Number of protein chains: 2
Amino acid sequence: MRAVGYRHQASLDHPQYLLDPQRSRDIQQLTAPQNPLNPQQFLDPQDQLNPEYLVDIELPDPSPGADDLLVRVEAVAVNPVDVKVRRRELPPPGGWRLLGWDAVGRVEALGQRAGGFSVGDRVWYAGALNRAGCNAELQLVDWRLVARAPQSLRPAEAAALPLTSLTAWELLFDRLRLSQGADAAGQVLLVVAGAGGVGSMLLQLARQLTNLTLVATASQPEGQAWARRCGAHQVIDHQLPLRPQLAALGIDAVQWVASLSHTDQHFDSLVDLLAPQGALALIDDPNPAAIDLLSLKRKSLSLHWELMFTRSLFQTADMAAQGAILQRVAELVDDNRLFSTCRQILGPINAANLTAAHLQLTGQLAGQLAGQSSIGKIVLEGWD
Amino acid sequence: MRAVGYRHQASLDHPQYLLDPQRSRDIQQLTAPQNPLNPQQFLDPQDQLNPEYLVDIELPDPSPGADDLLVRVEAVAVNPVDVKVRRRELPPPGGWRLLGWDAVGRVEALGQRAGGFSVGDRVWYAGALNRAGCNAELQLVDWRLVARAPQSLRPAEAAALPLTSLTAWELLFDRLRLSQGADAAGQVLLVVAGAGGVGSMLLQLARQLTNLTLVATASQPEGQAWARRCGAHQVIDHQLPLRPQLAALGIDAVQWVASLSHTDQHFDSLVDLLAPQGALALIDDPNPAAIDLLSLKRKSLSLHWELMFTRSLFQTADMAAQGAILQRVAELVDDNRLFSTCRQILGPINAANLTAAHLQLTGQLAGQLAGQSSIGKIVLEGWD
């Protein structure tokens, strides 16, 4: 099969810090989230992607294990996690690492325990961080992480959704344990970075499935308009102090916070804005020195991490919840209650286009650090 | 009315550190929890209680506000929070600070909005940190924080329960949002410091109202026996590594942790033991440097603070939940499903006995730091 990957060639191409013994230790632990970098390190200007680092390769076709689907990949999206893993994880000498955790494709074969699917089904999924990603013609994925793709979207449009929808859904309904339904009238959910990838699905899901008042933050007019389109009732600018902007909306406290970016920069003001007994969920890698944990005590606040890869990484008993979430999201898409956040289709899946996508994403991330909003997802579709 | 209090006399009697500008700033903020001390500071050996610091005084009788009950206090318990406030909060010059946040007494008068009670009712409550405590013959307390005391206990036995029962209940059912009922079969709640004040009510409540498997930690044989009596299915020693002891019980992960003491010492091993998507609740004041917040991300864990004074401090819309909890606890006591954790009745309520109680509590806290278990509550009953 064709694939796009990178290999162990640290002396030549790999970012310098991979040679640092401290970082090498991290890298030996397969997964990025265990020792998250802070965004400044993540965006080290020295750490440029060598245009020849991602390579078009030919690998043997994989065979499904008992719980696997073998999927012929049709479209993939690129996420910040791709950049993180590329920068932090060195494959063993001689081996290749395949990135990509957002895929749409057709089932080509099934393992003996892989229930509920047939050959030819079009499916979508994010997959598992500790397995080969979807930047390949053929990919193995545990059937419990998979659902049938929505029928009303073309593969590229659909490929933008799995990872962010799963993250947003788990954050809202599994971590914060918000109820779906109409019992949250008068409660406010503040979504920091509401125009970003996760933010734009989180706003859509919360708007469709709860009656929370949704206040998003976004800094640029374009991001603010996008957040409104995704479902925010109100949008404020996270580059300005939050409290006065909320006060102008008649809001003096929020019951829920989804802090999707820059948690360390906003933490003190989020704690200040949270109502007693409120909850803050986060997905990023804040600088611990900026988080005053004890400040949560006075109001009996709680802090909830969401990592979309937890279920697959630990093979939790409830990992089929991810398949169920994706099925529900597909239904909501086909009911025209959710729309795709696909922003740009860069072309077919190959090393040149993936390199361009990584560079564009890195630029977006750097822009976010400078307070800009990034909008929508970058997708690649088909093979040359 | 008679009362026991302390006044602003820092030059003579107050702990030296209250004169430190850094700490003075803290003290101006009425309440202890906002800037918690770490236990080492809290137990500064220089910080001895001057035996003349708590004083028998005569104060004007208070009059109830619209939401107040005026209560004639019959019995009080002494809690770590009394010691903390005494050490951290300096009343304004000329004023007295009354401690005490565990009381049983009879309603003497009612404010116009104070519903559901009659003069003569025997009530129990913890009260509010930012008002005068119960170390007084007469005390004002917001009716929403109060319930009728259990009929099957004498006042001293009952006075041991409100603060710890409220803390334990809120931690289990409002913070961790455990369900009451039988849907937690196979799930494990690890209670660190299960023999302490909060621990012994938390074990009782969890044993009575859930079907969680309860594993408590306690270090001394006496504390271990006490934790079992309170409802622990299993008891392990928190002075030894936790994982091998749990493994010996056939437990390789716990879904829930109530970390009631020494959270900073145990944090890394608790995170290690927590199952993916698990939750840790805490009530103490850990040293932030010992808490690796990012270590929670990989498993999508959550961290929940419980402070029993949050509802009253912020006058939350649901503050009547505390009255409702105490009513339910009283019913469970009268049904013989909970027993009093009163361990020692030191005598009538006066400065000498309260001083003795504070010293004994300080000794217990120091013992806890050295790994000993403290068992049961110290109570004072009646007036000379």
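Below: a short report on this structure. The shown structure was predicted, so the numbers you read here are calculated from the model rather than taken from an experiment. (Residues numbered from 1 in each chain as written. Chains lettered and ligands numbered in written order. Predicted model: local features only at pLDDT ≥ 70, side-chain atom pairs only at ≥ 80, totals over all residues. Heavy atoms only, no water.)

**A closer look at the state of the cysteines**
Residues and elements named next belong to chain B.
And then number 1: Using the criterion set out here, one finds zero disulfides over all chains in the structure.
And then number 2: For Cys 134, which is in no disulfide, the shortest distance to another cysteine sulfur is to Cys 342 and amounts to 14 Å.
And then number 3: Here Cys 342 is not cross-linked by a disulfide; its sulfur's nearest cysteine counterpart is in Cys 230, at 13 Å. (Disulfide = S-S within 2.5 Å.)

**Considerations on the side chain of Thr 362 of chain B**
All names here are of chain B.
And then number 1: Mapped onto the fold, Thr 362 is located in helix α12 (residues 351–369).
And then number 2: A relative accessible area of 15% means that Thr 362 is categorised as buried.
And then number 3: In this structure the side chain of Thr 362 is engaged in a polar contact, spanning 2.7 Å, whose partner is the backbone oxygen of His 358. (Helix = DSSP H or I, 4+ residues; strand = E, 2+ residues; numbered from the N terminus. Buried < 20%, exposed > 50% of the residue type's maximum accessible area, 1.4 Å probe, protein only. Polar contact = N/O pair within 3.5 Å; in protein donor to acceptor, adjacent residues only side chain to side chain.)

**Some points on the nonpolar core**
And then number 1: Within the largest apolar cluster, 97 residues are counted, with the highest numbers of intra-cluster contacts made by Trp 124, Tyr 125, Leu 189, Leu 202 and Leu 260 of chain A.
And then number 2: Shared between two domains, this core takes at least three residues from each, and those domains are domain 1 (2–161 + 329–381) and domain 2 (165–308) of chain A.
And then number 3: Beyond its immediate stretch of four places on either side in the chain, Tyr 125 of chain A contacts Val 71, Val 73, Asp 102, Ala 103, Gln 139, Val 141, Leu 145, Val 146, Pro 162 and Leu 326 of chain A.
And then number 4: Residues Leu 178, Ala 184, Met 319 and Ile 375 of chain B belong to the second largest nonpolar core, which totals 96 residues. (Core = buried A, V, L, I, M, F, W, Y, C linked by side-chain atoms within 4.5 Å. Domains from an automatic or database assignment. Contact = heavy atoms within 4.5 Å.)

**Some details on the packing of helix α5 (residues 162–175) of chain A against helix α11 (residues 320–334) of chain A**
All names here are of chain A.
And then number 1: Between α5 and α11, the least distance of the axes is 10 Å, while the angle of their chain directions is 105°. Classified by the angle between their axes, α5 and α11 sit roughly perpendicular to one another. Contacts from Pro 162, Ser 165, Leu 166, Trp 169, Glu 170 and Asp 174 of α5 reach α11 at Gln 322, Ile 325, Leu 326, Arg 328, Val 329 and Leu 332.
And then number 2: Classifying every residue of the contact of α5 with α11 by side-chain character gives seven nonpolar, two polar and three charged. (Axes fitted to C-alpha atoms, helices over the stretch in contact; angles between N-to-C directions. Parallel < 35°, antiparallel > 145°, perpendicular 65-115°, else oblique. Nonpolar A, V, L, I, M, F, W, Y, C, P; charged D, E, K, R; others polar.)

**Some thoughts on the relation of the copies chain A and chain B**
And then number 1: You can overlay chain A on chain B at an RMSD of 0.0 Å; the transform is a turn of 180° with a shift of 0.0 Å along its axis. What the rotation and shift describe, once combined, is the action of a two-fold rotation axis. In terms of C-alpha distance to the rotation axis, chain A has Leu 303 of chain A as its closest residue, with the C-alpha 2.6 Å off the axis.
And then number 2: Both copies share a contact surface, since 100% of the interface residues of chain A are interface residues in chain B too. (Least-squares fit on C-alpha atoms with pLDDT ≥ 70 in both.)

**Concerning the interface of chain A and chain B**
And then number 1: Chain A puts 36 residues into the contact, and the matching count from chain B is 37 residues.
And then number 2: Together chain A and chain B conceal approximately 3,400 Å² of surface at their shared face, both sides included; 60% is due to carbon and sulfur atoms.
And then number 3: A per-residue breakdown of the area chain A buries against chain B is headed by Lys 297, Arg 298 and Trp 305 of chain A, which together make up 27% of the total.
And then number 4: One can count two salt bridges joining chain A with chain B.
And then number 5: Residues Asp 285 of chain A and Lys 297 of chain B are paired through a salt bridge, measuring 2.3 Å at the closest nitrogen-oxygen approach.
And then number 6: Among the secondary structure elements, those contributing two or more residues to the side of chain A that touches chain B are β13 (274–282), β14 (302–305) and α10 (310–313) of chain A.
And then number 7: If one sorts the elements of the side of chain A that touches chain B by residue count, β14 of chain A sits on top with four residues.
And then number 8: Looking at the side of chain A that touches chain B, its residues break down into 17 nonpolar, eight polar and eleven charged. (Buried area = accessible area lost by both parts, 1.4 Å probe. Salt bridge = Lys/Arg side-chain N within 4 Å of Asp/Glu carboxyl O.)

**Points about the sheet that holds strand β10 (residues 213–217) of chain A**
And then number 1: Spatially, twelve strands are ordered β11(A)-β10(A)-β9(A)-β12(A)-β13(A)-β14(A)-β14(B)-β13(B)-β12(B)-β9(B)-β10(B)-β11(B) in an open sheet, and the strand pairing comes out mixed. Edge positions in the sheet fall to β11 (234–236) of chain A together with β11 (234–236) of chain B, since each of these pairs with one other strand and no more. Going from strand to strand, the sheet's axes swing by 20° on average, the running direction of each strand aside.
And then number 2: Sheet topology note: the strand β13 (residues 274–282) of chain B/strand β14 (residues 302–305) of chain B ladder contains four bridges and is parallel. Across the sheet, Ala 281 of chain B pairs through a bridge with His 304 of chain B, a residue of β14 of chain B.
And then number 3: Against the sheet, α5 of chain A makes contact with β9 (188–192), β12 (254–259), β13 and β14 of chain A together with β13 of chain B, and its axis sits at roughly 140° relative to β14 of chain A, the strand it touches most.
And then number 4: Contacting β10 and β11 of chain A, helix α7 (residues 221–230) of chain A crosses the sheet at an angle of about 155° to β11 of chain A. (Pairing = 2+ DSSP bridges.)

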